[in-house]
Amino acid sequence: MYLLSISAYAQSYSYKHYTIFDGLVQNQITALYQDHNGFIWIGTKDGISRFDGIQFVSYKEIRDVTFGLSQSFKENNNFLIWHSYDKIILIQDDFFKVLYNSNIEINNLYTDNKNKYIYISVSNKVLKLTCNAIINYYQNKSYKSIEQYYRYNDKEYIVADHNLLKKSKNSNFTKILNGSIGNLLTINEKIYFSKRYSIDYKNNSDLGIYKYDGKNLDYILKTENVTVLYKLKNKNIFCINNFSSWMIIDTSGNVIYNDSIPGIIINNCLEDNEGNIWLGTETGLLKLQSFAFRNYTERSGLDKYIWSVVQAPDSSIWFASYNGKLYRLKNGKIKSVSGYESLISKEFTFYMGSICTDNGVLLFTANHGKVISVDKGKFEEIFMKTKDEKPCTFQIYEDIQRHKIYFGTERGVFIYNKLTKKIKQLKPGNFNALCLEKDKYNRIWIGGKKILLCDGDTFVNFKKSEVVFDKSVVSLCKDNHGNMWLCSKGGIYLHTYNKVFKILNESCYFIKLYKNRYLITGGVPGFYFIDLEKFYKKDTGFVLFFDRFNGFTGIECGQNGTCIDYNGHIWIPTSDKVVEFLPEKFNKNNKPPLLHIYSFEISSTDLKWQQIKNEYSSKEEEEIKLNHYHNNIRINYIGISISCPEKVKYKTRLIGWNNNWSEPTSEKNFIQTNLPYGNYSFELLACNADGIWNSKPLVMNFQIIPAFWQTSWFLILIIILSFGLTVGSVYLIMRRRKKNEHKKQQIERELVKLQISTINAQIDPHFVFNAITAIGTEVQDNNPDLAYKYFVKISNLLRSSLENPSLITRTIAEEIKFVINYLTVQKFRFGDRFEYKIEINENIDMSLIIPKMCIQIFVENALKHGLEHKISGGLLTIRVHTDNSLLHVFIEDNGIGRKQSMKYTPKSTGIGLSVFENFFNITNKFNTNKAGFEIYDIENIENEELGTKVHVYIPTDYRYNI
């Protein structure tokens with residue numbers, strides 16, 4: 001048996017408060033219940049409300065039925081049964097039906113969870129609700145009023161006329177206890193209940209909580225005025241006592257949690273499906289945020305503005321305030337500390353960054369150049385001062401290896417040697433040293449407007465291989481990998497010595513290593529809990545964030561005042577309270593949100609939304625069918641996660657339009673416009689604040705029916721007509737185009753043939769003209785014999801040239817033979833002034849067709865313009881070979897070159913070259929691989945001309961027929 005003293009509570013828990021301003025129908029809450037869909041139903045003295053975690057839907061009157069005072073809810077076969085003072089009402093979707101109505105007060109509503117029946121105690125009768133019909137089940141005329149009816153398996157209990165009675169097999173009743181009996185509940189086959197007061201109000205020594213196993217009655221907890229007992233899912237018991245207090249006990253009566261809320265009358269409670277505790281009060285609805293957070297405020301006995309929290313060797317927690325006061329928490333009680341007043345002045349202030357040293361001395365930072373030490377109850381002061389100033393101390397760091405304590409002040413760092421008991425200032429002294437931490441190289445990092453390094457008692461520089469952090473720093477921490485974490489304006493940074501990474505974007509004011517695996521860091525809205533093992537493995541979900549939505553209600557975390565005690569509890573001073581965080585009490589919510597669609601809305605082009613399906617529409621109805629002009633849709637939905645509804649995220653997709661899931665968003669509606677006709681499936685997923693997603697999506701199917709012009713038969717008809725028109729049009733167009741193309745090709749062929757004939761007519765006369773000119777030259781020189789021989793040779797060449805004048809091509813063999821005859825004639829003319837040689841590769845196909853005169857014309861030019869003007873030593877070389885499907889012909893002379901030749905023949909027509917250039921330009925149009933020629937000047941290194949070289953190239957597959 002345990003006696004509970006409510007007034008001894010030093011801490012309080014965080015609650016979220018909902019009132020009529022949030023949507024409640026009325027503030028005086030008399031009943032709480034959560035249905036199978038996840039909605040919380042709130043009964044009040046003037047109607048009922050339904051809550052999804054975000055918004056309330058309220059009912060005061062339905063079909064002329066005034067609800068009035070609500071007393072309890074029960075659920076049976078997914079029907080919600082609710083009773084007021086004298087009515088029992090069935091709630092199914094948006095349908096309300098009065099099942100029972102009398103002028104007699106209904107005492108109790110009880111659900112037999114085994115048989116799925118609902119029992120109702122009215123006056124001295126018990127009614128049974130079955131299949132939505134109410135029948136008389138039991139009546140005992142020996143008692144004026146049956147206040148409670150309770151059934152567990154086959155055992156029945158009643159509370160009648162302030163007596164707890166057990167019904168036996170022969171329908172007789174055995175008295176278990178008399179007095180004002182609270183509600184009954186069953187845990188592990190045992191009945192638990194409370195006794196609030198005695199009938200005569202005189203003997204109250206036996207008030208409290210009892211346990212009954214069917215034979216023995218045990219008194220397990222002595223406490224006054226327990227108004228409600230409620231069984232929790234973990235088989236503990238939630239108790240409301242003395243109206244403004246509550247506690248959670250185990251089945252042996254041990255108190256696990258407790259709290260009081262002064263000025264608040266608590267009427268009832270509820271544990272939802274995610275383990276959250278809700279309290280119905282006279283001033284609204286309260287949700288207990290988390291058992292992982294305890295708050296210490298002025299109501300707990302603390303002063304305002306606590307800046308440092310430190311644990312002493314005796315496990316007591318010390319608090320230092322900005323107002324210069326010290327407090328101590330020991331055995332659940334907070335007391336003000338005295339004994340140091342003589343060491344301080346009127347404007348004395350404690351600061352952040354206080355510590356407990358390795359030998360158990362408490363050191364509290366302060367202003368006026370002082371640090372207050374507490375050693376086994378004895379107070380002393382340590383001075384940090386310069387000639388002219390007494391600086392404030394912001395952070396204390398103990399280097400156990402060096403036996404030194406470092407004090408970060410507004411005038412740099414002071415070092416206290418624990419062995420010599422001496423203190424000295426580390427220059428420079430004009431530096432605001434806000435934080436201190438040792439790195440893996442045993443250097444002390446000093447944070448302020450920049451980072452300074454200290455190696456014992458001298459300043460050092462960063463290594464050349466290290467990155468210099470150039471931002472201001474307010475807090476430092478070395479992690480279990482030896483890396484440094486820095487709190488700077490606008491973010492949390494990780495410094496790995498050779499690189500710097502920005503990890504979080506939030507400005508934070510403290511950072512600490514927790515259990516050598518976690519980091520805890522906080523700022524204005526809340527604090528982060530970082531799992532370093534997951535972080536370095538690059539796993540997702542390495543960080544948890546706590547704020548007002550999930551338990552942490554402190555306003556702005558203090559700078560470097562946080563303490564981690566021996567139990568692993570984290571004490572965080574904030575602007576309005578000190579928050580104790582118990583990580584082992586934080587339970588991750590593993591339940592994904594319960595998905596619910598509120599409405600399906602449609603519109604045409606005017607975007608005036610029309611609701612066609614609401615949350616109560618039958619789930620069994622057929623697929624939704626929409627007209628083609630209702631192709632704009634809006635779907636409103638929610639994922640009910642009561643623990644932290646503000647952080648629920650959603651993903652949606654519309655199968656048939658876009659099969660990809662959307663990015664996670666907090667939006668609770670889906671809008672899509674201008675949908676084409678077809679079949680669609682809207683799918684919805686949600687995750688709770690701890691990142692747990694639904695395993696299966698919620699699906700809603702609908703169809704947009706096509707207009708008649710969008711139907712298959714109409715489209716087929718249009719396609720057939722269009723195809724016919726297209727085929728006819730294409731036929732006429734192609735016929736006309738083919739006719740025009742044929743006509744165009746005929747004209748082009750005639751033009752090409754005319755051009756080729758013109759070129760052919762130019763080749764032969766050009767040669768004949770040059771041959772006759774040569775004969776004339778010999779006659780003029782009075783060499784009749786030589787002229788005659790020359791004439792005979794030339795006549796043979798002329799005969800060869802004039803045979804088949806319509807042909808523009810001949811074989812390589814014929815062209816070479818012609819060239820040799822020509823060169824033989826020229827030898828008569830020039831004698832020994834030049835020599836010639838012809839080199840033909842043995843793999844040459846001599847039957848290959850080439851343009852007539854394509855070698856001869858360049859040989860003739862070589863003699864006429866290059867060798868004719870040399871007195872002796874002339875050489876003409878002709879080389880023929882193939883390479884890469886090309887026929888190559890090189891005609892090279894060592895004559896005077898083209899520039900010198902212009903001096904002798906300035907009026908040369910160049911007909912031969914222009915003829916072949918035109919020839920190749922025309923025939924190249926009808927060939928993929930092109931033919932042509934190139935002329936090069938042969939020069940020495942002094943740019944003196946040594947002759948001319950011509951390269952003629954013709955593809956072996958070249959076509960000449962047009």
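Only a predicted model underlies this, so the values are computations on that prediction, with no experimental measurement involved.

S.K.: Looking at this structure, how should I read the overall build of the protein chain?
M.R.: Within the protein chain one finds seven helices and 73 strands. Within the protein chain, counting contacts between residues at least 6 apart in sequence, those at least 24 apart form 52% of the total. On the protein chain, roughly 47,900 Å² of surface is accessible, and the fraction owed to carbon and sulfur atoms is 50%.

S.K.: How should unusual backbone geometry be read in this particular structure?
M.R.: Leave glycine aside and you will find that most residues have negative phi; peptide bonds, for their part, are mostly trans. Even without glycine at this site, asparagine 331 takes up a positive phi of about 55 degrees. Within the secondary structure, asparagine 331 is located in the loop between strand E34 (326-330) and strand E35 (333-337). On the basis of relative accessible area, asparagine 331 is assigned to the exposed category, the value being 72%.

S.K.: Just to check I follow, could you spell out the pairing of strand E33 (residues 317-321) for this structure?
M.R.: For a regular strand, side chains alternate in direction, first toward one face of the sheet and then toward the other. Buried residues dominate E33, accounting for five of its five residues. Of the two faces of E33, the one lined by Ile317, Phe319 and Ser321 and the one lined by Trp318 and Ala320 are each fully buried. Pairing of strand E32 (residues 306-311) with E33, which is carried by five bridges, proceeds in the antiparallel orientation. Considered in E33, the bridge of valine 309 is made with phenylalanine 319. Following E32, the chain reverses through five residues before pairing antiparallel with E33; serine 315 in that reversal takes a positive phi of roughly 75 degrees.

S.K.: Explain a nonpolar patch on the surface here, please?
M.R.: Taken together, the side chains of Tyr677, Leu715 and Ile719 make up a nonpolar region of the molecular surface, amounting to roughly 280 Å² of accessible area. Examined against the element boundaries, leucine 715 turns out to sit in helix H2 (residues 712-780).

S.K.: Got a minute to help me understand the sheet that holds strand E53 (residues 518-523) in this structure?
M.R.: Strand pairing in a sheet is mediated by backbone hydrogen bonds. Such pairs are either parallel or antiparallel. One open sheet holds the four strands; their spatial order is E52-E53-E54-E55, and the pairing between them is antiparallel. In this open sheet, the two strands that pair with only one neighbour each are strand E52 (508-514) and strand E55 (543-546). Strand-to-strand twist in this sheet, taken as the mean axis angle between neighbours without regard to direction, amounts to 15 degrees. Two strands pair when backbone bridges link them, and E52 and E53 are joined in this way by six bridges, in the antiparallel orientation. If you follow isoleucine 511 over to E53, its bridge partner there is threonine 521.

S.K.: Honestly, the packing of aromatic side chains in this entry has me stumped. Any pointers?
M.R.: Here the distance between the centres and the angle between the planes together describe a pair of aromatic rings. Counted under the stated rule, the structure contains 62 aromatic pairs. Between the aromatic rings of tyrosine 210 and tyrosine 219, the centroid separation amounts to 4.8 Å while the plane-to-plane angle is 20 degrees, which identifies the pairing as stacked. Judged by its relative accessible area of 5%, tyrosine 210 is buried. Assessed through its relative accessible area of 24%, tyrosine 219 is described here as partly exposed.

S.K.: Looking at this structure, how should I read the sheet that holds strand E28 (residues 266-271)?
M.R.: Pairing within the open sheet is antiparallel, and its four strands lie in the order E1-E30-E29-E28. The open sheet has two edge strands, strand E1 (15-18) and E28, and neither has a second partner. This sheet shows a mean twist of 20 degrees between the axes of neighbouring strands, independent of strand direction. Where strand E29 (residues 277-281) meets strand E30 (residues 284-288), five bridges bridge the pair, whose relative direction is antiparallel. Bridge pairing in E30 places isoleucine 277 opposite leucine 288.

S.K.: Teacher, can you tell me more about the packing of helix H4 (residues 812-830) against helix H5 (residues 856-867) here?
M.R.: When two helices pack together, you describe them by how their axes are tilted relative to each other and by the distance separating the axes. Relative to each other, H4 and H5 sit at 20 degrees, their axes nearing to 10 Å. It follows from the interaxial angle that H4 and H5 lie roughly parallel. Where H4 crosses over H5, the two elements pack in a sense that is right-handed. In this structure, H4 uses Glu815, Phe818, Val819, Tyr822, Leu823 and Gln826 to contact H5, whose residues at the interface are Gln856, Val859, Glu860 and Leu863. Grouping the constituent residues of the contact of H4 with H5 by class yields six nonpolar, two polar and two charged.

S.K.: Looking at this structure, I do not really get the nonpolar core. What am I missing?
M.R.: Nonpolar side chains tend to gather and get buried jointly when the protein is soluble and globular. By size, the foremost hydrophobic cluster in this structure holds 49 residues, and its most contacted members are Ile633 and Phe702. Apart from residues no more than four positions distant in its own chain, isoleucine 633 is found in contact with Phe600, Glu601, Ile602, Trp609, Leu626, Leu654, Phe670, Ile671, Gln672, Leu675 and Phe702. Ranked by size, the runner-up nonpolar core spans 37 residues in total, among them Ile808, Val859, Leu863 and Leu887.

S.K.: How should H4 be read in this particular structure?
M.R.: Think of an α-helix as 3.6 residues a turn; residues three or four steps apart then line up on the same face. The end-to-end C-alpha distance of H4, which contains 19 residues, comes to 26 Å, matching closely the 27 Å that a straight helix rising 1.5 Å per residue would cover. Every buried residue of H4 is listed here: Ile812, Glu815, Ile816, Phe818, Val819, Tyr822, Leu823, Val825, Gln826 and Phe830. Taken from the residues just after H4, glycine 831 is the one with a positive phi, measuring 65 degrees.

Conventions adopted
Chains are numbered independently. Their residues run from 1 in the order of the written sequence. Where local features are concerned, this predicted model is filtered to residues with pLDDT of at least 70; where side-chain atom pairs are given and counted, the filter is 80 or more; whole-chain, interface and lining totals use all residues. Where side-chain values are given, they derive from all heavy atoms of the structure, hydrogens and water being excluded. Put simply, DSSP H or I for four residues or longer makes a helix, DSSP E for two residues or longer makes a strand, and each gets a number counted from the N terminus. By definition in these notes, contact holds between two residues if any of their heavy atoms fall within 4.5 Å. Each accessible area is a Shrake-Rupley estimate made with a 1.4 Å probe; only the visible protein chains count as cover when residues are assessed. The classification of residues rests on relative accessible area computed with a 1.4 Å probe and restricted to protein chains. Under 20% of the type maximum is buried, over 50% is exposed, and intermediate values are partly exposed. DSSP calls a pair of strands paired once it identifies at least 2 bridges connecting them. Put simply, a patch holds well-exposed residues, over 30% relative accessible area, that have no salt bridge, with like charges counted together within 9 Å and Val, Leu, Ile, Met, Phe, Trp or Tyr side chains within 5 Å. Any Lys or Arg side-chain nitrogen located within 4 Å of an Asp or Glu carboxyl oxygen qualifies as a salt bridge. Only the stretch in contact is used when a helix axis is fitted, and all axes are lines through C-alpha atoms; the angle between N-to-C directions ranges over 0 to 180 degrees. We call Phe, Tyr and Trp rings a pair once their centres come within 6.5 Å, taking the six-membered ring for Trp, and we label the pair stacked below 30 degrees between planes, edge-to-face above 60, and tilted otherwise. Roughly parallel here means an angle under 35 degrees, roughly antiparallel means over 145, roughly perpendicular means 65 to 115, and every remaining angle is called oblique. For a crossing to be left-handed, the near helix must be turned anticlockwise from the far one by less than a right angle; the clockwise case is right-handed. Only Asp, Glu, Lys and Arg are considered charged, only Ala, Val, Leu, Ile, Met, Phe, Trp, Tyr, Cys and Pro nonpolar, and every remaining residue, Gly among them, polar. To form a nonpolar core, buried Ala, Val, Leu, Ile, Met, Phe, Trp, Tyr and Cys residues must be joined to one another through side-chain atoms within 4.5 Å. Helix span, expected: 1.5 Å multiplied by one less than the number of residues in the helix.

These values are about where atoms sit, not about what they do.
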